[in-house]
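A look at the structure
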Amino acid sequence: MKPVLYLVGCATPAVLEIADPIKQAQGRGWDVCLILTPTAGLWLESELEDLAALTGHPVRMRYKLPGQPDVLPPPDAVLVAPASFNTINKWASGHADTLALGLITEGIGKRLPLVALPYLNSAQAAHSAFSRSVDQLRADGVRVLLGDADDHFPHVIGGPRKPFPWSLALDALNNTLRS
Ligand SMILES: Cc1cc2nc3c(=O)[nH]c(=O)nc-3n(C[C@H](O)[C@H](O)[C@H](O)COP(=O)(O)O)c2cc1C
C-alpha cells in the first residue's frame, strides 16, 4: 500500500498548476488525494474531472453530510500548498469552516506530519497576523516553509513571479516523515 498524501490547495495563483506537484508526489510513491478550499475549487472548476482522474480519487472541497461515507483513505501526511494568508491565519487560530481547515486543524491534534508552503504577496506577509500564525503553527508542530533559517526559497512575493518550489515542499515532507 502506498502512503497517502493529502494535498490541500488554497486560492492563490500557484494552485492553477496543482497537477504538477500531484505528478511529482506520485513519482515519489505517494497516493495523492486532492483537497481544495471552496474558492480554489471555483478557480479550478473546469479541471476538476481531470484532477480526479489524475489522482484516482474525487477532489474534495466541502464537508460531507452527516451519515455520508468517507470517500478518501485516511492520510499519512498532509501538504498545504499553496497555503493562502487566509487559510494560514484561520488554521493557526483554530477555525474549521471549510473541509480543508477541518482536516488540517484536526491534523494537528492527530499529530500527522504537516508541511505548509505559503504563497503570499508582500502586503499580506507584512500583516502582523501572518508572523503570529506562522509562530503558532510551528509551535503546533507544522513545518512552515519560508525563506528562513532552513534556507528555503522565500515564497513571499511582491515583485516578478518566481516559480513555486513544489519540490522543496515534497522534500520537506519526506524529511518530516523520516524524523
Ligand atoms: C487573482 C487573485 C490572486 C490572489 N493571490 C493571492 C495570493 O497570492 N496569496 C493569498 O494568500 N491570497 C491571494 N488571493 C486572495 C485569496 O484568493 C482570498 O483570500 C481567498 O479568500 C482565500 O481563500 P482560501 O484560503 O479559502 O483558499 C488572491 C485573489 C485573487 C482574486
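Residues numbered from 1 in each chain as written. Predicted model: local features only at pLDDT ≥ 70, side-chain atom pairs only at ≥ 80, totals over all residues.

Our next topic: unusual backbone geometry. Cis peptide bonds are those with omega within 30 degrees of zero, and the linkage from Ala-81 to Pro-82 qualifies with -10 degrees. Inspection of the secondary structure puts Pro-82 in strand β3 (residues 77–83). Positive phi, close to 60 degrees, is recorded for Arg-111, a residue that is not glycine. Inspection of the secondary structure assignment puts Arg-111 in the loop between α5 (99–109) and β4 (114–118). (Helix = DSSP H or I, 4+ residues; strand = E, 2+ residues; numbered from the N terminus.)

Let us look at the environment of Lys-23. Relative to the assigned elements, Lys-23 resides in helix α1 (residues 19–27). With 13 C-beta atoms packed within 10 Å, Lys-23 lands in the partly exposed category. Separated by 31 residues in the primary sequence, Lys-23 and Leu-54 place their C-alpha atoms 8.2 Å from one another. (Buried ≥ 20, exposed ≤ 12 C-beta atoms within 10 Å, placed from the backbone.)

With that settled, the discussion passes to the pairing of strand β1 (residues 4–9). In terms of burial, β1 is a largely internal element, 5 of the 6 residues being buried. Two strands pair when backbone bridges link them, and β1 and strand β2 (residues 31–36) are joined in this way by 6 bridges, in the parallel orientation. The partner of Leu-5 across the bridge, within β2, is Val-32. Taken together, β1, α1 and β2 form a β-α-β motif whose crossover is right-handed. Two elements, β1 and β3, share 4 bridges in a ladder whose sense is parallel. (Pairing = 2+ DSSP bridges. Right-handed = clockwise from strand over helix to strand, strands pointing away.)

The strand order β2-β1-β3-β4-β5 describes an open sheet built from 5 strands, whose pairing is parallel. Each end of this open sheet is capped by a strand with a single partner; those strands are β2 and β5 (143–144). Where β3 lies against β4, 4 bridges are found, and the strand directions are parallel. By the bridge assignment, Val-78 is partnered in β4 with Leu-114.

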